[in-house]
Amino acid sequence: MRPFTYARPAALDAVAREFPAASAGTATGAPVQFLGAGTNLLDLMKLDVMRPSSLVDLTGIDAAPLRRIEATPSELRLGALVRMAEAAEDPVILRDYPVLAQALQLAASQQLRNMATLGGNVLQRTRCLYYRDTAWANCNKRNPGSGCAAREGVDRQHAVLGASEHCIATYPGDFAQALIALDAQVETQGPKGRRRFPFAELHKLPGDTPHLDHSLAAGEAITGFTVPAGPWTRRSLYLKIRDRASYEFALASAAVALQLEGTQVRAVRIALGGVATVPWRAREAEAALIGVVLDETTAAAAADAAFAKARPNRQNAFKVPLGKQTLVRALLTVAAKEG
Amino acid sequence: MRGQPDSSSGSVGRRQFLGRAMTGAAATTLTPVARAAPAPAPKTDARAPGMFELNINGHAQLFALDTRTTLLDALRDHVVITGAKKGCDQGQCGACTVLVDGKRILSCLTLAIAAQGKSVTTIEGLAGAEDALHPMQQAFLDQDAFQCGYCTPGQILSAVACVEEGHAKDDASIREYMSGNLCRCAAYPNIVAAVNQAKPQMQIKKA
Ligand SMILES: Cc1cc2nc3c(=O)[nH]c(=O)nc-3n(C[C@H](O)[C@H](O)[C@H](O)COP(=O)(O)OP(=O)(O)OC[C@H]3O[C@@H](n4cnc5c(N)ncnc54)[C@H](O)[C@@H]3O)c2cc1C
Ligand code: SF4
Ligand code: FES
Ligand code: FES
């Protein structure tokens, strides 16, 4: 690991003022970077993928809005420094937004969930083995313009949706799928002040700039997330399929939320994980379900719509049927759930 | 009761300790008195040591270490207590599990300086007064819950936390909430049995 200076500001205003260059945006790593718990950043620093010369630890910030979970009749707000385990076990989230709690509980291990912040969680980097191992020269994400080792290499983990010829790396997290499904907003604070924007605009498709993971500006820190309340949030769930039963990233996952009117679908929210380069909202699948009676046939048609544009590479073609079956099972399970 | 503070540390003044810690770049035991952690001086030289205090098994200790030092390396190489093990150093195995402010975390992915001001409990601090074993330690012995023993300190601390969190409801829940601790010797069934043995004893102790 390369040497770095360490700062632990106690106030949010000091962060924007003193560290206007701090950036989480690039996968190659800016010189000044924010630190949550470090469960992703410190790992990548040990691997020499990330090479910051300065860390700004946000976990010392003593501001209640960053540490609180607040539920009002109109929305749920989660501070960026809330730990994964806290949110996963919050009784209101478990009751009213189960998809959020389940996406967190099924991620990583209890040790990691006790440590990791929600802000750091959504910004975690891909687990593409070629990105994580600097012995591979060709990785456009880590080393722009160098090519993509995964496309000709072992690509079983990789994405079938949202990939480009320059990068096929999977977005590995779980929680982000639940957030994007529920139309969450991100709150940030930076040198230009505060802003709030759709969570769906936080992650960038690889396109021809796979080294740019996020849309945050220099010095801009995530302060929290808001999730609008809706008649579908209680009837929601997160289904995660992995190579082992626990403590593993998703091969395929589905975040679903459903509102029924009689037997018909009134509203539905769907996001897919493990199969795409970014947290993936499956709007085509949602459109296919509005007004229909949810059963095995209509769920399968929605899953076909979700994967209509899938582009498997070589060893990851299994993710298309797996992803479809995951979504079908999630939809049928959520429909059978008490609303 | 875990990690009784050692009251025999003497009465050397804070300034002398600071001096020693600075020159030796090593950990120094302070008289364990309750007080706020010192604010770290802002530094611009990445190679200058970071100064910070941790409370380890009830002892307040002052460190002057390279900022790159993980909590795991601080414990093993500077405090020289080697119960916490380095399995993967990447957050994947759980061998380095310790309790920080009562919660289980991975010390290999924690910067020592980022744990400043917090209380760390390692396996060395788990036994009670007069070295009476914690019920979980005894249960691991009784149930043969290890073979080589490498993962065991992490397993025991994780198991203690698992019970305290209320996640040891049944075998399935124990397996799920202990999944962050891998065991190459595959002592898993015995580990589940140990957690089941210790759980009622821990609850009686608490009551
Ligand atoms: C073995 C292992 C298994 C895992 N399994 C899973 C899994 O199954 N599912 C899953 O979802 N995750 C999994 N993870 C990933 C884990 O959830 C993330 O590492 C963690 O959530 C990151 O949070 P953190 O606070 O440690 O972030 P850090 O590592 O501190 O930061 C991550 C990134 O976010 C930036 N950042 C942090 N906070 C902010 C902020 N407030 N504003 C702006 N930028 C910020 C940092 O600069 C950095 O770029 C696993 C990790 C490990 C090591
Ligand atoms: S898939 Fe993306 S991250 Fe992986 S090697 Fe290719 S460019 Fe790098
Ligand atoms: S050494 Fe920390 S998890 Fe393996
Ligand atoms: S007892 Fe050998 S690794 Fe667990």
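## Quick look at the overall build of chain A
Reasoning step 1: Counting secondary structure elements, chain A contains 14 helices and 12 strands.
Reasoning step 2: Relative to a compact globule of 339 residues, whose C-alpha radius of gyration would be 20 Å, chain A shows 19 Å and is just as compact.
Reasoning step 3: Taken along its principal axes, the extent of the C-alpha atoms in chain A is 60 × 50 × 35 Å.
Reasoning step 4: Counting across all 339 residues of chain A, residues that qualify as buried make up 60%.

## With respect to helix α6 (residues 98-105) of chain A
Reasoning step 1: With 7 of 8 residues buried, α6 of chain A lies mostly within the body of the structure.
Reasoning step 2: Listed as buried for α6 of chain A are P98, V99, L100, A101, A103, L104 and Q105 of chain A.

## A closer look at the pattern of salt bridges
If charged atoms from side chains of opposite charge come close, those side chains can pair.
Reasoning step 1: Using the criterion set out here, one finds 29 salt bridges over all chains in the structure.
Reasoning step 2: Between K309 of chain A and E284 of chain A there is a salt bridge, with its nearest N and O atoms 3.8 Å apart. With a gap of 25 residues between them, K309 of chain A in the loop between α13 (296-306) and α14 (319-336) and E284 of chain A in helix α12 (residues 283-289) connect regions that are remote in the sequence.
Reasoning step 3: With a shortest N-O distance of 3.7 Å, K86 of chain B and D89 of chain B are connected by a salt bridge.
Reasoning step 4: K86 of chain B sits in the partly exposed class, given a relative accessible area of 31%.
Reasoning step 5: One connected set of salt bridges, linked through shared partners, spans K46 of chain A together with D73, K86 and D89 of chain B.

## Some words on the interface of chain A and chain B
Reasoning step 1: Taken together, the contact between chain A and chain B spans 31 residues of the former and 36 residues of the latter.
Reasoning step 2: Carbon and sulfur atoms supply 55% of the area buried between chain A and chain B, which totals about 2800 Å² over both sides.
Reasoning step 3: When the buried surface of chain A facing chain B is broken down by residue, Y6, Q111 and Y247 of chain A rank first, second and third, together holding 22% of it.
Reasoning step 4: Summed over the shared surface of chain A and chain B, the number is 1 salt bridge.
Reasoning step 5: On inspection of chain A and its partner chain B, the count reaches 15 residue pairs in polar contact (both at pLDDT 80 or more).
Reasoning step 6: Only β1 (5-7), α2 (41-46), β3 (54-57) and α7 (110-115) of chain A provide two or more residues apiece to the side of chain A that touches chain B.

## Section: the side chain of Q189 of chain A
Residues and elements named next belong to chain A.
Reasoning step 1: Residue placement: Q189 occurs in strand β6 (residues 185-190).
Reasoning step 2: What makes Q189 buried here is its relative accessible area of 10%.
Reasoning step 3: Separated by 2.9 Å, the side chains of Q189 and D13 make a polar contact.

## A look at the confidence of the model for chain B
Note: predicted coordinates in regions of low pLDDT should not be interpreted at a detailed level.
Residue and element names in this part refer to chain B.
Reasoning step 1: When pLDDT is averaged across chain B, the result is 84; 78% of the residues are at 70 or more.
Reasoning step 2: Residue range residues 1-39 is modelled with pLDDT below 50. Its contacts to residues more than four positions away, or to other chains, number 76 contacts.
Reasoning step 3: Model confidence for the complex: the whole-complex pTM is 0.93, and ipTM, which rates the interface, is 0.96.

## Things to note about the site of ligand 2
Reasoning step 1: Around ligand 2 sit 14 residues in total, of which C128, C139, C148, C167 and I168 of chain A are the nearest.
Reasoning step 2: Counting residues per element, the ones that place at least two in the shell around ligand 2 are α9 (129-132) and α10 (149-152) of chain A.

## Here's the deal with α14 of chain A
Residue and element names in this part refer to chain A.
Reasoning step 1: In this model α14 runs 25 Å from its N-terminal to its C-terminal C-alpha over 18 residues, within 8% of the 26 Å that 1.5 Å per residue would give.
Reasoning step 2: Of the positions making up α14, those classed as buried are K319, V320, L322, G323, T326, L327, V328, A330, L331 and V334.
Reasoning step 3: If you follow the buried residues of α14, they end up packed against β9 (236-241), β10 (252-261), β11 (264-273), α12 and α13.

## Considering the packing of α13 of chain A against α14 of chain A
Residues and elements named next belong to chain A.
Reasoning step 1: At a minimum axis distance of 9 Å, the contact between α13 and α14 shows a crossing angle of 140 degrees. Classified by the interaxial angle, the pair formed by α13 and α14 is oblique. Between α13 and α14 lies a crossing whose hand is right-handed. Residue-level inspection shows E296, A299, A300, A303, D304 and A306 of α13 in contact with α14, the latter providing K324, L327, V328, L331 and L332.
Reasoning step 2: Tallied by class, the residues present in the contact of α13 with α14 amount to 8 nonpolar, no polar and 3 charged.

## What to know about the nonpolar core
Reasoning step 1: In terms of nonpolar packing, the biggest core is built from 49 residues, with Y131 of chain A together with L71, V98 and L111 of chain B touching the most fellow members.
Reasoning step 2: Residues L123, Y171, V227 and Y238 of chain A belong to the second largest nonpolar core, which totals 44 residues.

## Considerations on the site of ligand 1
Reasoning step 1: Around ligand 1 sit 33 residues, and of these F34, G36, T39, T117 and D174 of chain A come closest.
Reasoning step 2: Neighbouring residues of ligand 1 are distributed over chains A and B.
Reasoning step 3: Residue T39 of chain A places a side-chain N or O atom 2.6 Å away from an oxygen atom belonging to ligand 1.
Reasoning step 4: A distance of 2.8 Å separates a nitrogen atom of ligand 1 from a polar atom in the backbone of I222 of chain A.
Reasoning step 5: Across the complex, the protein chains shield 98% of the 980 Å² of accessible surface that ligand 1 would expose by itself.

## Observations concerning the packing of aromatic side chains
Residue and element names in this part refer to chain A.
Reasoning step 1: Applying the stated criterion across every chain yields a total of 4 aromatic pairs over all chains.
Reasoning step 2: Note on F199 and F225: the rings are 6.2 Å apart at their centroids and 65 degrees apart in plane angle, and the pair reads as edge-to-face. Highlighted residues: F199 in the loop between β7 (193-198) and β8 (221-228) and F225 in strand β8, separated in sequence by 26 residues.
Reasoning step 3: What makes F199 buried here is its relative accessible area of 1%.
Reasoning step 4: R269 extends its terminal NZ or CZ atom over the ring of W232, reaching a point 4.1 Å from the ring centre.

## Thoughts on unusual backbone geometry
Reasoning step 1: A positive phi is found at A108 of chain A, a non-glycine position, where the angle reads about 50 degrees.
Reasoning step 2: Following the sequence through the fold, A108 of chain A ends up in the loop between α6 and α7.
Reasoning step 3: Backbone geometry at V80 of chain B places phi at a positive 60 degrees, although glycine is not the residue there.
Reasoning step 4: Within the secondary structure, V80 of chain B sits in the loop between α2 (71-79) and β4 (97-100).
Reasoning step 5: With a relative accessible area of 56%, V80 of chain B lands in the exposed category.

Procedures and definitions
Residues numbered from 1 in each chain as written. Chains lettered and ligands numbered in written order. Predicted model: local features only at pLDDT ≥ 70, side-chain atom pairs only at ≥ 80, totals over all residues. Heavy atoms only, no water. Helix = DSSP H or I, 4+ residues; strand = E, 2+ residues; numbered from the N terminus. Rg over C-alpha atoms; globule rule 2.2 N^0.38 Å. Buried < 20%, exposed > 50% of the residue type's maximum accessible area, 1.4 Å probe, protein only. Salt bridge = Lys/Arg side-chain N within 4 Å of Asp/Glu carboxyl O. Contact = heavy atoms within 4.5 Å. Buried area = accessible area lost by both parts, 1.4 Å probe. Polar contact = N/O pair within 3.5 Å; in protein donor to acceptor, adjacent residues only side chain to side chain. pLDDT = per-residue confidence, 0-100. Near = heavy atom within 4 Å. Expected span 1.5 Å × (residues − 1). Axes fitted to C-alpha atoms, helices over the stretch in contact; angles between N-to-C directions. Parallel < 35°, antiparallel > 145°, perpendicular 65-115°, else oblique. Left-handed = near helix turned anticlockwise from the far one by under 90°. Nonpolar A, V, L, I, M, F, W, Y, C, P; charged D, E, K, R; others polar. Core = buried A, V, L, I, M, F, W, Y, C linked by side-chain atoms within 4.5 Å. Areas by Shrake-Rupley, 256 points an atom, 1.4 Å probe, with all protein chains shown as cover. Phe/Tyr/Trp six-rings, centres within 6.5 Å; stacked < 30°, edge-to-face > 60°. Lys NZ or Arg CZ within 6 Å of the ring centre and 35° of its normal.

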